[in-house]
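Close look at the chain arrangement
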Amino acid sequence: MPATLLIIILIVVALIFALLLALYVVPVNISMVADCNRECARATATVAWGIVGARVRATDEAQTVEVLLIGRPVMIRDLREMAGAEPEKKREEEKEERAPLPVGEYLGAFRDLRPHIQEILAAVYRSLFLETLRGDVVLGLDSPASTGVIYGYCTAIRYILWPVEAIDFVVTPDFNHKIFEGTFTLRLQVRRLLLVIIPMVKALLKKPVRQRLRQVSGRGVPGV
């Protein structure tokens, strides 16, 4: 019996260590591709960690979310059906029960949570790695002068970002038509995810932080 218990403990410890190692080593891959033209607009966003992930597709006709396993969808749900699944009466009752908080309460919560938010954002910034940011847009506004102004700003920004090889954003002006067409591609990684999770867990383990979060979410009151 003691030997069996020891084996179980060792297995649990090994699994926890493997999970922590995976959170540190395996990056989160985030990608988004959008395409807009006269006929339609569509966008696809994907988040993947290891062999699991999720993908959201949005077009003029449908919006779906997919759960992925090894890059293949294993479950597909319609976002509009999910949004409408909750009875309207229940949503209205919840709105009536949750009276809006004064603005001062939100400001106070932000002031109290700011050190933790800054620590989490700093960890996210250190872990983010931009792989690709590409854009090719044809832009035309009501006024040719406005088109020229926007094109000038975009050109200036493009040359400022020219040394960054991962970024390439091209805007082509159309002074004769009102138009907005183009493609947009974004790919980035969150590396060392464990270093992002640690400050989040540290913050949530503190009772004042949990109280503030319950308060601003409408599920608690000050001092509870």
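The paragraphs below set out a description of the structure included in this document. All residue numbers refer to positions counted from 1 along the written sequence of the respective chain. pLDDT decides what is reported in this predicted model: residues at 70 or higher carry local features, side-chain atom pairs at 80 or more are listed and counted, and totals for whole chains, interfaces and linings draw on all residues regardless. The basis for the side-chain values is all heavy atoms of the structure; hydrogens and waters are excluded.

**Quick word on the nonpolar core**
When a protein is soluble and globular, its nonpolar side chains tend to lie buried together. Judged by nonpolar contacts, Leu23, Val28, Ala123, Val190, Leu193, Leu194 and Val196 together constitute the single largest core of seven residues. Ranked by residue count, the leading element in this core is helix α6 (residues 193-204), at three residues. Discounting chain neighbours no more than four positions away, the residues touching leucine 194 are Leu20, Leu23 and Tyr24. Among the buried residues, those of types Ala, Val, Leu, Ile, Met, Phe, Trp, Tyr and Cys that are joined through side-chain atoms within 4.5 Å form a nonpolar core. Only protein chains enter the accessibility calculation, which uses a 1.4 Å probe; a residue whose area is less than 20% of its type maximum is buried, one above 50% is exposed, and one in between is partly exposed. Elements are defined by DSSP. Helices are runs of H or I of four residues or more, strands are runs of E of two residues or more, and each kind is numbered from the N terminus. The criterion used for residue contact is that any of the two residues' heavy atoms lie within 4.5 Å.

**Description of the pairing of strand β7 (residues 167-173)**
It is a general feature of regular strands that their side chains alternate between the two faces of the sheet. With seven bridges joining them, strand β6 (residues 128-140) and β7 adopt parallel strand pairing. From the neighbouring strand, glycine 135 faces β7, where its bridge partner is phenylalanine 169. Handedness of the crossover is the feature at issue here: the chain leaves β6, passes through helix α5 (residues 144-160), returns alongside β7, and the resulting connection is right-handed. A pair of strands counts as paired when DSSP detects no fewer than two bridges linking them. A clockwise course of the path from the first strand over the helix to the second, judged with the strands pointing away from the viewer, identifies a crossover as right-handed.

**Concerning the sheet that holds strand β3 (residues 52-58)**
By definition, the strands of a sheet pair up through backbone hydrogen bonds, in either a parallel or an antiparallel sense. Strands sit in the order β5-β4-β3-β2-β1-β8-β6-β7 across an open sheet of eight strands; the sheet is mixed. Pairing within the sheet leaves two strands with one partner each, and these edge strands are β5 (72-78) and β7. Averaged over all neighbouring strand pairs, the angle between strand axes comes to 10°, with direction disregarded. Across nine bridges, strand β1 (residues 28-36) lies against strand β2 (residues 41-49) in antiparallel orientation. Across the sheet, residue aspartate 35 finds its bridge partner in β2, namely arginine 42. Geometry is summarised by axes, namely lines fitted to C-alpha atoms with helices restricted to the contacting stretch, and by angles between N-to-C directions that run from 0 to 180 degrees.

**Examining a nonpolar patch on the surface**
Only residues whose relative accessible area exceeds 30% and that form no salt bridge enter a patch; like-charged residues are grouped when within 9 Å of one another, and nonpolar side chains (Val, Leu, Ile, Met, Phe, Trp, Tyr) when within 5 Å. Surface exposure here means Shrake-Rupley accessible area, sampled with a 1.4 Å probe, where a residue is shielded only by the protein chains that are shown. In what follows, salt bridge is the name for a side-chain nitrogen of Lys or Arg lying within 4 Å of a carboxyl oxygen of Asp or Glu. On the surface, Ile51, Val52, Val67, Leu69, Ile70, Val74 and Met75 cluster together into a nonpolar patch covering about 610 Å² of accessible area. Residue assignment for the nonpolar patch shows that the elements contributing at least two residues are β4 (63-69) and β5. Turning to its location among the elements, valine 52 is positioned in strand β3. Classification of valine 52 as partly exposed rests on a relative accessible area of 38%.

**Some thoughts on the layout of surface pockets**
Definitions used for this entry: grid spacing 1 Å over protein atoms alone; cavity, a set of points where a 1.4 Å probe fits but cannot get out; pocket, an open set with protein on both sides within 12 Å along at least 5 of 7 lines; lining residue, one with an atom within 4 Å of a point. Grid points are joined across faces, edges and corners, and a volume is the space filled by probe spheres set on the points. In this model, the largest pocket occupies a volume close to 180 Å³. Lining the largest pocket, in full, are Leu133, Cys154, Ile157, Arg158, Leu161, Trp162, Val164, Ile167, Asp168 and Phe169. Counting only elements with at least two residues in the lining of the largest pocket, the list comes to α5 and β7. Each residue receives one of three labels: charged for Asp, Glu, Lys and Arg, nonpolar for Ala, Val, Leu, Ile, Met, Phe, Trp, Tyr, Cys and Pro, and polar for the others, Gly being one of them. Taken together, the residues of the lining of the largest pocket break down into eight nonpolar, no polar and two charged.

**Some words on the side chain of threonine 147**
Positionally, threonine 147 belongs in helix α5. Classification of threonine 147 as buried rests on a relative accessible area of 1%. Polar contacts, as counted here, are pairs of nitrogen or oxygen atoms within 3.5 Å of one another; within protein the pair requires one atom able to donate a hydrogen and one able to accept it, and residues that are adjacent in sequence qualify only if both atoms are side-chain atoms. A distance of 2.9 Å separates a polar atom in the side chain of threonine 147 from the backbone nitrogen of leucine 141.

**Regarding the pairing of β5**
Where β4 meets β5, six bridges bridge the pair, whose relative direction is antiparallel. Paired with threonine 64 across the strands is aspartate 78, a residue of β5. Count of turn residues in the β4/β5 antiparallel hairpin: two residues, of which isoleucine 70 carries a positive phi of about 55°.

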